[in-house]
Amino acid sequence: MLVAVPPMGFALLLMAFMPNLWTTTVVVMTFFFAYYIFETPYRGLYPDVLSADSFGRSQGIQHIQRGIAIGVALVGGGLLFKLWKPSPFLLAAVLTTSACSLVILLVREDGGHGRVFEGFAAYVRRSWHIFWSDGDVRRFLLANSAWEGTFAAARTFVVLYIIHGLHQSKVMSSAVLGAVAVGYVIAAIFAGRLGDRFGLARVIFFASFLYGGGFLVAGLAQEWHDWYFALIVPVSIAGGTVMTLAWGLLYKIVPVEHRGAVSGLATTTKGIGILIGAPIAGLAIDLAGPYFEATDGYQVLWPICGIPILAAIPLLVRLMEIEPRTKVEAPAV
């Protein structure tokens, strides 16, 4: 994590002064390379420093903070950009460097007593072995790819769907995003406690029906109606519940000795979902244009998002069965 902080901060700093698209692309790639180096061990810290009965609540707290931060950044970043274009990037560089450094400074963990680096080939072989030998972890990773791919596709095209597909204003698109954010925060507040009480896999299982089914129903819309907000919020709550509890479920089912490796695998499947989800959705929209002229093909986005969520539901059945019997050791003091 410490190795990743300087390039993250420096890349954000450079973003403010990029002269063209190509140099911006290089800097963005550098930032995300460092970001995912940081995120993997950061995720792996959760089961190391928390007790098993707080995995759900810990993810809920994180997602509450994440939802608030995203909302503040979307509004405040735009205002700062209007005042002085480099300012949001400069502020992001300072905040990111400070926050990530504080995590490293303040969190205490037990480890690093043996050989630190075993070599890339050894880590790749270990991850590959875990993926193929542990069926429960493999089921989660496949489901995680579906969840992340759906999230990436929806996040990429939702504004274009509202503006170009339903022919609404940017103000309306902001209102829809606000409703989604409200649902996300509501989910973060309650999902963790529900998951810790009834089982994370069980809560994700039932939320997935509303989440995926809501996307399928959204694919029927060809024009905007204000009463859609009554559907957007509960579907957002269901989606927020799935995304909030996903990592907590992973912590419950992974063997203690494989926590770090499986955090890396989960981050990899997240990347795969992002790489696949948005391009497939974009291609589907282009191909559907002649057949869904009322929305310029954009309504096909929602069935494309809903099918992976529903397809992942059978994978949760086994995880529901093994989660209550999975013994997770308390963190070392």
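Cut-offs used in this document
Residues numbered from 1 in each chain as written. Predicted model: local features only at pLDDT ≥ 70, side-chain atom pairs only at ≥ 80, totals over all residues. Heavy atoms only, no water. pLDDT = per-residue confidence, 0-100. Contact = heavy atoms within 4.5 Å. Salt bridge = Lys/Arg side-chain N within 4 Å of Asp/Glu carboxyl O. Helix = DSSP H or I, 4+ residues; strand = E, 2+ residues; numbered from the N terminus. Buried < 20%, exposed > 50% of the residue type's maximum accessible area, 1.4 Å probe, protein only.

**Considerations on the confidence of the model for the chain**
Across the chain, the average pLDDT comes to 86, with 94% of residues at or above 70. Contacts of residues 326–333 to residues separated by more than four positions or lying in other chains number 15 contacts, the stretch itself having pLDDT below 50.

**Quick look at the pattern of salt bridges**
Applying the stated criterion to the full structure yields 5 salt bridges. In this structure, the salt-bridge partner of Arg-139 is Asp-136, at a minimum N-O distance of 3.0 Å. With Arg-139 and Asp-136 both in helix H6 (residues 135–165), this residue pair falls 3 residues apart, about one helical turn. Using a relative accessible area of 29% as the deciding quantity, one classes Arg-139 as partly exposed. Residues Asp-136 and Arg-318 are paired through a salt bridge, measuring 2.9 Å at the closest nitrogen-oxygen approach. Taken together, the positions of Asp-136 in helix H6 and Arg-318 in helix H12 (residues 313–322) put the pair 182 residues apart, joining distant regions of the chain. By relative accessible area, Arg-318 is classed as partly exposed at 32%. Linked through salt bridges whose partners overlap, the residues forming this network are Glu-39, Arg-43 and Lys-270.

**What about unusual backbone geometry?**
In this structure, His-167 is a non-glycine residue whose phi angle is positive, near 60 degrees. Along the chain, His-167 falls in the loop between H6 and helix H7 (170–198). In this structure His-167 comes out as exposed when scored by relative accessible area, which is 52%. One non-glycine residue, Asp-296, lies in positive phi territory at about 55 degrees. Looking at the element boundaries, Asp-296 is found in the loop between helix H10 (259–288) and helix H11 (301–311).

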